[in-house]
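One-letter residues, chain by chain:
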Amino acid sequence: MIISISCVVLLGVVVFIFFRKDGLKASHALVAMLFGFYLASTAIAPSIKAGGESLAGLLGGFKF
């Protein structure tokens, strides 16, 4: 679990730097996918899913 958390933090920092500095390239997309993969295996994944579902429900409720 500690290795997984450290991988998530490291990949999160790398993805943030890539987005801020160079935009998104193919290699950066690979790092972002790895970040998502490791993030999904952590204990915070259910909270992220619930937050995403809540946001989708909020945005789906807007009438234009």
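Only a predicted model underlies this, so the values are computations on that prediction, with no experimental measurement involved. (Residues numbered from 1 in each chain as written. Predicted model: local features only at pLDDT ≥ 70, side-chain atom pairs only at ≥ 80, totals over all residues. Heavy atoms only, no water.)

*Asks:* So what's going on with the overall build of the protein? Which residues, and what values?
*Replies:* Within the protein, the regular secondary structure consists of three helices and zero strands. Helices and strands in the protein line up, N terminus first, as α-α-α. Counting every position in the protein, which comprises 64 residues, the buried fraction comes to 12%. Element-wise, carbon and sulfur atoms account for 75% of the exposed surface of the protein, whose accessible area totals about 5,100 Å². (Helix = DSSP H or I, 4+ residues; strand = E, 2+ residues; numbered from the N terminus. Buried < 20%, exposed > 50% of the residue type's maximum accessible area, 1.4 Å probe, protein only. Areas by Shrake-Rupley, 256 points an atom, 1.4 Å probe, with all protein chains shown as cover.)

*Asks:* Explain the environment of Phe18 residue by residue, including any values.
*Replies:* Structurally, the position occupied by Phe18 is in helix α1 (residues 2-21). Along the backbone, Phe18 and Ala29 are eleven residues apart, and their C-alpha atoms lie at a distance of 9.4 Å. Sequence-distant contacts of Phe18, that is, excluding residues within four places in its chain, are made with Gly23, His28 and Val31. (Contact = heavy atoms within 4.5 Å.)

*Asks:* Report on the UniProt feature "transmembrane region" (unreviewed entry) in the protein, specifying residues and quantitative values.
*Replies:* In the UniProt entry, the feature "transmembrane region" (unreviewed entry) is given for residues 26-45. Overall, residues 26-45 shows 80% helix and 0% strand. The separation of its end C-alpha atoms is 25 Å. (UniProt positions renumbered as here; feature names shortened; annotations may be inferred.)

*Asks:* Residue-level account of the environment of Cys7, with values.
*Replies:* Inspection of the secondary structure assignment puts Cys7 in helix α1. Cys7 sits 32 residues away from Leu39 along the chain, and the two C-alpha atoms are 8.7 Å apart.

*Asks:* Could you give an account of a nonpolar patch on the surface, with specific residues and numbers?
*Replies:* A cluster of nonpolar side chains, Val9, Val13, Phe16 and Ile17, forms an exposed patch at the surface whose accessible area comes to about 380 Å². Tracing the backbone through its elements, the reader meets Ile17 in helix α1. (Patch = residues over 30% accessible without salt bridge, like charges linked within 9 Å, V, L, I, M, F, W, Y side chains within 5 Å. Salt bridge = Lys/Arg side-chain N within 4 Å of Asp/Glu carboxyl O.)

*Asks:* Summarise the confidence of the model for the protein; cite the residues concerned and give the values.
*Replies:* Averaged over every residue, the pLDDT of the protein is 76; the share at 70 or more is 89%. For the protein, α1 is the element with the lowest average pLDDT, namely 74, and helix α3 (residues 45-60) is the one with the highest, namely 81. (pLDDT = per-residue confidence, 0-100.)

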